[in-house]
Amino acid sequence: MAAHLSYGRVNLNVLREAVRRELREFLDKCAGSKAIVWDEYLTGPFGLIAQYSLLKEHEVEKMFTLKGSRLPAADVKNIIFFVRPRLELMDIIAENVLSEDKRGPARDFHILFVPRRSLLCEQRLKDLGVLGSFIHREEYSLDLIPFDGDLLSMESEGAFKECYLESDQTSLYHAAKGLMTLQALYGTIPQIFGKGECARQVANMMIRMKREFTGSQNSIFPVFDNLLLLDRNVDLLTPLATQLTYEGLIDEIYGIQNTSEDFFDKLTVEQEFMSGIDTDKVNSYIEDCIAQKHPLIKVLRLVCLQSVCNSGLKQKVLDYYKKEILQTYGYEHILTLYNLEKAGLLKPQTGGRNNYPTIRKTLRLWMDDVNEQNPTDISYVYSGYAPLSVRLAQLLSRPGWRSIEEVLRILPGPHFEERQPLPTGLQKKRQPGENRVTLIFFLGGVTFAEIAALRFLSQLEDGGTEYVIATTKLMNGASWIESLMEKPF
Amino acid sequence: MDCYTANWNPLGDSAFYRKYELYSMDWDLKEELRDCLVAAAPYGGPIALLRNPWRKEKAASVRPVLEIYSASGLPLASLLWKSGTVVSLGWSAEEELLCVQEDGGVLVYGLHGDFRRHFSMGNEVLQNRILDARIFHTEFGSGVAILTGAHRFILSANVSDLKLRRMPEVPGLQGAPTCWTALCQDRVAHILLAVGPDLYLLDQSACSAVTPFGLAPGVSSFLQMAVSFTYRHLALFTDTGYIWMGTASLKEKLCEFNCNIRAPPKQMVWCSRPRSKERAVVVAWERRLMVVGDAPESIQFVLDEDSYLVPELDGVRIFSRSTHEFLHEVPVASEEIFKIASMAPGALLLEAQKEYEKESQKADEYLREIQELGQLTQAVQQCIEAAGHEHRPDMQKSLLRAASFGKCFLDRFPPDSFVRMCQDLRVLNAIRDYHIGIPLTYSQYKQLTIQVLLDRLVLRRLYPLAIQICEYLRLPEVQGVSRILAHWACYKVQQKDVSDEDVARAINQKLGDTPGVSYSDIAARAYGCGRTELAIKLLEYEPRSGEQVPLLLKMKRSKLALSKAIESGDTDLVFTVLLHLKNELNRGDFFMTLRNQPMALSLYRQFCKHQELETLKDLYNQDDNHQELGSFHIRASYAAEERIEGRVAALQTAADAFYKAKNEFAAKATEDQMRLLRLQRRLEDELGGRFLDLSLHDTVTTLILGGHNKRAEQLARDFRIPDKRLWWLKLTALADLEDWEELEKFSKSKKSPIGYLPFVEICMKQHNKYEAKKYASRVGPEQKVKALLLVGDVAQAADVAIEHRNEAELSLVLSHCTGATDGATADKIQRARAQAQKK
């Protein structure tokens, strides 16, 4: 039992126990002593659901990191590879297996694909002549990992980049699968809302997957009242701003050296941008940062923030920033700049129209009177700026999105609503005063400040809605920008 | 009820054997059984007959007929045998008929006479022919053992996974063995054979002579051997009319019997059941049937007709031209209840119930008797159990009535066993009906399981009955009804006279969205029958893309497979189809296909990025995607090329592409980069040191740090570095060098575009307060306070702030006032504040 997962409105321990059970069952299939060879990327997520003691109880005696050539010697009966389904990893596995074959006593090899088995990878193993060496080839659907009583993450680093730069919807497919697993454990979610292209796709996949499972009617009483799917690119602004909650600050400052003065200057600039001041000209603070060669990520974050708060920069301003960056940090960053443009973070203003003020006013994104000690509004998490994403969630629950149709049309991607009919026996009769539970899924990442804002809404006495948060990745502006950077050497 | 035990025959002191009729056979046999090859499947399975023209040297011109009947004699199939000489027939565990030919070929038929497949027992047999063959059953499936003309044994333990094993040679074996059998011990199949007085056991590695424990002397030949249903026991019949019965290992003897008949029996089979009291062997001659066990007397029956014995799990079936009977050891519960003068609780309960029906008070007496002994529960259980072993429904009913009666007097008798027995008997009676003709006993039924029984009904195409049974037993749909419907559909697709549309529609109408039905399985079957179009139609009903796609690929409908894969959102599936398409189509067509499927195209690009860079370029070229081509060549300039010329060339290509993409900024930037690269190269040559791949900014800095100020200036001019940034750059570089003199010179070269606060800051960073102070004085009024605070001159900062009457500056200074030294300053500020407020 992980106590921290069960305090919330939805007991996420149920999920944790389900994935642990699945893991144990797999381990027990491979009878006898075992060594696990890890795809390094997976050790973090696995650590959250199964400690070494669990593995040890199931006769896991050795653990290695997946590397080329030979495996370290281990006197075990089974060797199990825990890997993501990636071709390059298959090549390494094949190398391991082939050199092990020459070594002597026969071992039983197994593969556990996380989170999904892949025909493509199996074909590769077959081409490399080792597919037959594996006794068990299975998948471990570890899509959503419980982090906290109200927080789930897929910890998929590249999700945003894959979705928005590479049009690769693999992580969306996993997200849909993860949501199906959640529904299997917590009941069908009767209403699905969404905003954004990816949200639409995930909802489509879910509906399709539901059809595939016509056989097994879900007879679990639904825990979630609705699901809100949100594309990260509907709100590119929020993660760019410096988070000012406790957890957010730790997340931001960890590993970054900043003098307090500079930090203050930076905040001032950010706040100016977010409240719509001087977003259309070259900012001298940013200029100075470049001239002093401050960390590139910081600079990019600020330039992107300015661009987003101005619905794109004037071509002259944009080119000036870009030139300054290329000359100072190196021409190779032309690739990174292009990526940021593709993602819509840094772009020329088209049509000469700045939509941000309309969005800011309608959604009340900027609040001048913030009470940080006893907050009354979510804007406290950014000292004045109310995260757009959370505002959308808040407005959805009350009074509904119909009131903001105009803004929704300005924001990218379609907005939609789907219903998943429930058999009459499972329909909820709400008690007076009982809060709704909304599962909000951020496709492309979520920040701690947004989580804090949603938790704040959950705690409001007359809020009416409690949130459980799911995401492809827990992130901050820096890690986000970094994931979009390309370093050719 | 006295007459009920009339057909019970005691064997020894403890056991009774009885024989009752299952069916009167009205099959219209054209041949005598003795002239036919006969194979009857266990578990009440079908009977196959093939008139054996090859045995009698009749005119071979008459082709024999292969006939298949149900156990009740209903014809299931009849076909003219056009293939080679058949040595032996046998049924597999899946009720497929294996016809072993003399030439080693084995033809496999379904029970409707439909040809399934064909396999061979090896080339060796082609020359030597097969003398004899046996089909046997193991826990893995059905095996075939053959004896070749060269007197070698070859066997396969599982015909669905054919692996031929050539058994070791029997030393000095000249002729065929007198008798032999396949044995199965420790999951391995062996052969036991008799040559005159000697027995040999062949396992994988060796041939060993074996002797049955306690065999009577004087045997000169073994004429017949029989292995029990479970392979646990073996019986040997010798030329002296002596029968040895023991374990299959031959190491233990159960009993022996001398029947005084020296004629070789036609058949000998074991007749026993699980937990048998008295195991027996049934020996059949032309007109005589004998049951022998550990008893001085045997049970004898006269055979009026040619008969054939079929060993079962719990008895022996005996069929002839006119009748089909079952011979078995009377089960314990039945014996307890029906044995003459039995005082067993079940017997008393049965009596009590009968008296109750007669409204006699004896009912009460019997009941009391049972209750006084506290045996009512046991009595009810006995009646339920005995009902299961009765073949006649009236007997079943009367026993169940008794059980039900007894239950009334028990407080807490769990009802399941009674209910389950009622259900089981209902199913059993239904399938025993001669229209169906599966005479399973209760024990066989339990051993077989309901799932297998349903499979067998499906094999017989008895879909409605199977569905009725599922519904009656309330089996979950996935295990029950859907499975049967799926089988029905698979049968339906084989009806070639019905059009694709009609079949697809009929199947969909009946199956709809029934859970657990796999349309892809049905489609695969349709494809197997050569009906590709039908298969595609059926696949349309399949909701799971993961199932659709592989079959579509197999049917070479890759493009359809691609769109299905894309629909599913499963990128792995899309990749799989793409790689398939890539091999299947020529490059042009493949690219064209991709072009029409943007999602697939972007996935394939990702694949190429990691696996086939050159193809990636071609893809961008095809789409005239000059922007991406530009990026591609930028990457290439770093990845592939070491030489500067190569790098510059790659960059030139990139720049050209950017121009084509109308991205002037990127083109110019790339040209700048080329210029910088060449220049850095020259700097390395002329000045030494490392310049390549430094940013412009760092190149200038490096030049300044190296004292090449002129060159630095030139470079800054060439690349039009804005003044402000250049000042920051120089300032930083000179401070790093701690060249204070040069810094001062620089600061005075003209009016600083960045003001003088940065000078103060940078000197302080290098902990040079002395230099910092010089610049603090030059800082403009707006930043003066900041500058003074930086150099630690709190007092003067306070003065300036007071002079400015600036509240923010005042607070800032105040926050810097620490300790006693600044006490006066703090007071001063407070005073100034107070004064300001007064005004």
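What you see is a predicted model; the values in this text were computed from it and never measured.

1. Structural notes on the overall build of chain A
Check the secondary structure of chain A and you find 20 helices and twelve strands. Here the C-alpha atoms of chain A give a radius of gyration of 24 Å, agreeing with the 23 Å that 2.2 N^0.38 yields for 489 residues. Taking the principal axes of its C-alpha atoms as reference, chain A extends roughly 70 × 60 × 40 Å. The buried share of chain A, taken over its 489 residues, is 59%. Pairs at least 24 residues apart make up 80% of the contacts formed inside chain A by residues separated by at least 6 positions. Approximately 19,800 Å² of chain A is accessible, and the part contributed by carbon and sulfur atoms is 51%. Put simply, chain A has 57 plus and 64 minus side-chain charges, and the middle of one group is 5 Å from the middle of the other.

2. Describing the overall build of chain B
The helix and strand tally for chain B stands at 33 helices and 29 strands. Relative to the 2.2 N^0.38 estimate, which gives 28 Å for 839 residues, the radius of gyration of chain B is 48 Å and therefore markedly larger than a compact globule would have. In terms of its C-alpha atoms, chain B occupies a principal-axis envelope of roughly 135 × 75 × 60 Å. Here chain B holds 839 residues, and 53% of them are scored as buried. A total of about 38,700 Å² of accessible surface is found on chain B, and carbon and sulfur atoms cover 49% of it. Here chain B contributes 105 positively and 110 negatively charged side chains, and the mean placements of these two sets differ by 6 Å.

3. A few points about the interface of chain A and chain B
Each partner contributes to the interface: chain A provides 45 residues, whereas chain B provides 49 residues. Both sides of the chain A and chain B interface together cover about 4,200 Å² of buried area, and 56% of this is carbon and sulfur. For chain A, the biggest contributors to the area lost against chain B are Arg208, Gln327 and Tyr331 of chain A; these three give 17% of the whole. Inspection of the chain A/chain B interface yields six salt bridges. Here Glu567 of chain B ties to Arg208 of chain A by a salt bridge, and the two come within 3.3 Å at their closest N and O atoms. For the pair chain A and chain B, the interface holds 24 residue pairs in polar contact (both at pLDDT 80 or more). Mapped by element, the contributors of at least two residues to the side of chain A that touches chain B are helix H5 (119-127), helix H7 (170-186), helix H8 (197-212), helix H12 (284-291), helix H14 (315-329) and helix H15 (334-342) of chain A. Counting residues per element, the side of chain A that touches chain B draws most heavily on H14 of chain A, at nine residues. Considered class by class, the residues forming the side of chain A that touches chain B number 16 nonpolar, eleven polar and 18 charged.

4. Describing the domain arrangement of chain A
Assigned domains of chain A: these are domain 1 (3-142), domain 2 (146-236 + 386-476) and domain 3 (246-357 + 480-484). The C-alpha-based centres of domain 1 of chain A and domain 3 of chain A are spaced at 42 Å.

5. With respect to the sheet that holds strand E23 (residues 267-271) of chain B
All names here are of chain B. One open sheet holds the four strands; their spatial order is E23-E24-E25-E26, and the pairing between them is antiparallel. The sheet terminates laterally at E23 and strand E26 (299-302), the two strands that pair on one side only. Taken pair by pair, the neighbouring strands of this sheet meet at an average axis angle of 15 degrees, ignoring direction. Across four bridges, strand E25 (residues 288-292) lies against E26 in antiparallel orientation. When the sheet's bridge partners are listed, Arg288 is paired in E26 with Val302.

6. Points about the domain arrangement of chain B
Taken as a whole, chain B is organised into domain 1 (1-17 + 222-330), domain 2 (31-210), domain 3 (340-583) and domain 4 (780-838). Each of domain 1 of chain B and domain 4 of chain B was reduced to a C-alpha centroid, and the two centroids are 120 Å apart.

7. Quick word on the side chain of Ser307 of chain A
Residue and element names in this part refer to chain A. With respect to the element layout, Ser307 can be found in helix H13 (residues 296-308). Judged by relative accessible area, Ser307 falls into the buried class, the value being 1%. At a separation of 3.4 Å, a polar atom in the side chain of Ser307 contacts the main-chain carbonyl oxygen of Leu345. For Ser307, the residues in contact, after removing those within four places along its chain, are Gly312, Leu313, Leu345, Leu346 and Lys347.

8. Notes on the pattern of salt bridges
A side chain of one charge can pair with a side chain of the opposite charge when the charged atoms of the two come close. Residue and element names in this part refer to chain B. Applying the stated criterion to the full structure yields 84 salt bridges over all chains. Linking Glu713 and Lys730 is a salt bridge whose minimum nitrogen-to-oxygen distance equals 2.2 Å. Placement of the pair is Glu713 in helix H25 (residues 709-718) and Lys730 in helix H26 (residues 723-737), with a sequence separation of 17 residues. When salt bridges that share partners are traced, they join Arg34, Lys266, Glu286 and Asp306 into one network.

9. Digging into the sheet that holds strand E11 (residues 130-138) of chain B
All names here are of chain B. Sheet architecture is open: four strands sit in the order E11-E12-E13-E14, paired in antiparallel fashion. The sheet is open, and its two borders are formed by E11 and strand E14 (165-166), each paired with just one other strand. In the sheet, strand E12 (residues 141-148) pairs with strand E13 (residues 153-156) via four bridges, with the strands oriented antiparallel. The partner of Ile146 across the bridge, within E13, is Ile154.

10. Side note on the packing of aromatic side chains
One pass over the full model with this rule turns up 39 aromatic pairs over all chains. Seen in terms of ring centroids, Phe26 of chain A and Phe82 of chain A are 6.4 Å apart; in terms of plane orientation they differ by 70 degrees. Their pairing is edge-to-face. Of this pair, Phe26 of chain A sits in helix H1 (residues 13-29) while Phe82 of chain A sits in strand E3 (residues 78-83), placing them 56 residues apart in sequence. A single burial state applies to Phe26 of chain A and to Phe82 of chain A, both of which are buried. Here the aromatic residues Phe26, Trp38, Phe46, Phe82 and Tyr140 of chain A are joined through ring pairs into a cluster of three or more. It is Arg200 of chain A that lies over the ring of Phe416 of chain A; its NZ or CZ is 4.2 Å from the centre. Across the ring face of Phe301 of chain B, the terminal group of Lys19 of chain B is positioned such that the distance to the ring centre comes to 4.7 Å.

11. Things to note about a negative patch on the surface
All names here are of chain A. Where like charges cluster on the molecular surface, the negative patch consists of Glu25, Asp28, Glu59, Glu61 and Asp75. Looking at where Glu61 falls in the secondary structure, it is placed in strand E2 (residues 60-65). Classification of Glu61 as partly exposed rests on a relative accessible area of 45%.

12. So, the side chain of Arg391 of chain A
Among the secondary structure elements, Arg391 of chain A is positioned in helix H17 (residues 388-397). Filtering out sequence-adjacent residues up to four positions away, Arg391 of chain A remains in contact with Leu363, Arg364, Leu365, Met367, Asp377, Ile378 and Ala386 of chain A.

13. With respect to the nonpolar core
Nonpolar side chains tend toward joint burial in soluble globular proteins. Counting 171 residues, the largest nonpolar core has Leu229, Leu345, Leu392 and Phe441 of chain A as the members making the most contacts within it. Of the residues forming this core, the biggest block, nine residues, is contributed by helix H23 (residues 664-687) of chain B. Excluding its chain neighbours within four sequence positions, the residues that come into contact with Phe441 of chain A are Leu144, Met154, Ala175, Leu179, Leu227, Leu228, Leu229, Leu230, Ala470, Thr471 and Thr472 of chain A. Counting 132 residues, the second largest nonpolar core, distinct from the first, contains Val37 of chain A together with Leu400, Met421 and Ala466 of chain B.

14. Description of helix H10 (residues 463-473) of chain B
Among the residues of H10 of chain B, Tyr463, Leu465, Ala466, Ile467, Ile469, Cys470 and Leu473 of chain B are the ones counted as buried. One or two residues past the end of H10 of chain B sits Arg474 of chain B, with phi positive at roughly 50 degrees.

15. Here's the deal with the environment of Val108 of chain B
All names here are of chain B. Inspection of the secondary structure assignment puts Val108 in strand E9 (residues 105-109). Residues Val108 and His118 lie ten residues apart in sequence; the distance between their C-alpha atoms is 5.9 Å. Here Val108 is in contact with Glu96, Leu97, Leu98, Asp114, Phe115, Arg116, Arg117 and Phe119, once residues within four sequence places are set aside.

16. Brief notes about the environment of Phe441 of chain A
All names here are of chain A. Mapped onto the secondary structure, Phe441 falls in strand E11 (residues 436-443). Since its relative accessible area comes to 0%, Phe441 is described here as buried. Here the alpha-carbon distance between Phe441 and Pro295, two residues 146 residues apart in the chain, equals 31 Å.

17. Describing unusual backbone geometry
Residues and elements named next belong to chain A. Cis peptide bonds are those with omega within 30 degrees of zero, and the linkage from Val114 to Pro115 qualifies with 0 degrees. The phi angle at Ser311 is positive, at roughly 50 degrees, despite the residue not being glycine. A relative accessible area of 18% places Ser311 in the buried class.

18. Regarding helix H12 (residues 500-511) of chain B
Residues and elements named next belong to chain B. Between its first and last C-alpha atoms H12 spans 16 Å; for twelve residues at 1.5 Å apiece the expected length is 16 Å, and the two agree. Residues Val503, Ala504, Ile507 and Leu511 constitute the buried set of H12. Here the buried residues of H12 occupy an arc of 95 degrees about the axis, which is enough to place them on one side. Buried residues in H12 make contact with helix H11 (481-492), helix H13 (519-528) and helix H14 (532-539). Positive backbone phi, at 50 degrees, marks Gly512, one or two positions downstream of H12.

Calculation rules
Residues numbered from 1 in each chain as written. Chains lettered and ligands numbered in written order. Predicted model: local features only at pLDDT ≥ 70, side-chain atom pairs only at ≥ 80, totals over all residues. Heavy atoms only, no water. Helix = DSSP H or I, 4+ residues; strand = E, 2+ residues; numbered from the N terminus. Rg over C-alpha atoms; globule rule 2.2 N^0.38 Å. Buried < 20%, exposed > 50% of the residue type's maximum accessible area, 1.4 Å probe, protein only. Contact = heavy atoms within 4.5 Å. Areas by Shrake-Rupley, 256 points an atom, 1.4 Å probe, with all protein chains shown as cover. Lys, Arg positive; Asp, Glu negative; His and termini not counted. Charge placed at Lys NZ, Arg CZ, Asp CG, Glu CD. Buried area = accessible area lost by both parts, 1.4 Å probe. Salt bridge = Lys/Arg side-chain N within 4 Å of Asp/Glu carboxyl O. Polar contact = N/O pair within 3.5 Å; in protein donor to acceptor, adjacent residues only side chain to side chain. Nonpolar A, V, L, I, M, F, W, Y, C, P; charged D, E, K, R; others polar. Domains from an automatic or database assignment. Pairing = 2+ DSSP bridges. Axes fitted to C-alpha atoms, helices over the stretch in contact; angles between N-to-C directions. Phe/Tyr/Trp six-rings, centres within 6.5 Å; stacked < 30°, edge-to-face > 60°. Lys NZ or Arg CZ within 6 Å of the ring centre and 35° of its normal. Patch = residues over 30% accessible without salt bridge, like charges linked within 9 Å, V, L, I, M, F, W, Y side chains within 5 Å. Core = buried A, V, L, I, M, F, W, Y, C linked by side-chain atoms within 4.5 Å. Expected span 1.5 Å × (residues − 1). Arc of directions from axis to C-beta.

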